[in-house]
Each structure stands twice: as C-alpha cells, then as structure tokens.
Amino acid sequence: MPDCPFNLSSSPWDLELDLIILREAERESLEIFYAMGEKLHFYLKRTQLLETILAANGIPIPDYDD
C-alpha cells in the first residue's frame, strides 16, 4: 500500500516531511479559525447593540427565519 500514511517502509525523511506539512496545515487552520471567531464575536456584539437601540426606541425586532 504505497499511499498508506502508516506504511513502515516509508523513509524517515518522508515521514518527517509529512509531519512538517501537517503541522503547517494545522497552524494555518487555527489561524483562520481564531480570526473567524473574532469576526463572529464582533457581529454578535454589533447585533446586540442594534437590538438594544431598537428596543429602547420601541421598535420591534423582526423575526429572522434562516
């Protein structure tokens, strides 16, 4: 099975390169994940502020169906 990542006949250099690639992919994924989390937090706070303003002015908050 030449495409099996657990094939023990792979050279140690190939395994090391695979590990480096996987770590970089994980780092990039986490970077994107945390950036998206910050954006979501911003939009949540913004939505809460707008809802507070609407409620303070007696304007009903419309329902949102996804």
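Structure report, in brief. Small disclaimer: the values here were computed from a predicted structure and weren't measured. (Residues numbered from 1 in each chain as written. Predicted model: local features only at pLDDT ≥ 70, side-chain atom pairs only at ≥ 80, totals over all residues. Heavy atoms only, no water.)

## Let's talk about the pattern of salt bridges
Where we set the bar: We define a salt bridge as a contact between a side-chain nitrogen of Lys or Arg and a carboxyl oxygen of Asp or Glu at a distance within 4 Å. In DSSP terms, a helix is any run of H or I states spanning at least four residues, a strand is any run of E spanning at least two, and both are numbered starting from the N terminus. Burial here depends on accessible area, computed with a 1.4 Å probe over protein chains only, as a share of the maximum for the residue type. Under 20% is buried, over 50% is exposed, and the range in between is partly exposed.
Across all of its chains, the model carries two salt bridges by this definition. Here R27 and E24 are joined by a salt bridge, their closest N and O atoms 2.6 Å apart. With R27 and E24 both in helix α1 (residues 12-56) and three residues apart, the pair spans about one turn of that helix. Under the relative-accessibility criterion, R27 is labelled partly exposed at 41%. R27 serves as the salt-bridge partner of E31, at 2.9 Å between the closest nitrogen and oxygen. Here the residue E31 and the residue R27 both occupy positions in helix α1, the gap between them amounting to four residues, near one helical turn. With a relative accessible area of 52%, E31 lands in the exposed category. Taken together, the shared-partner salt bridges connect E24, R27 and E31 into one network.

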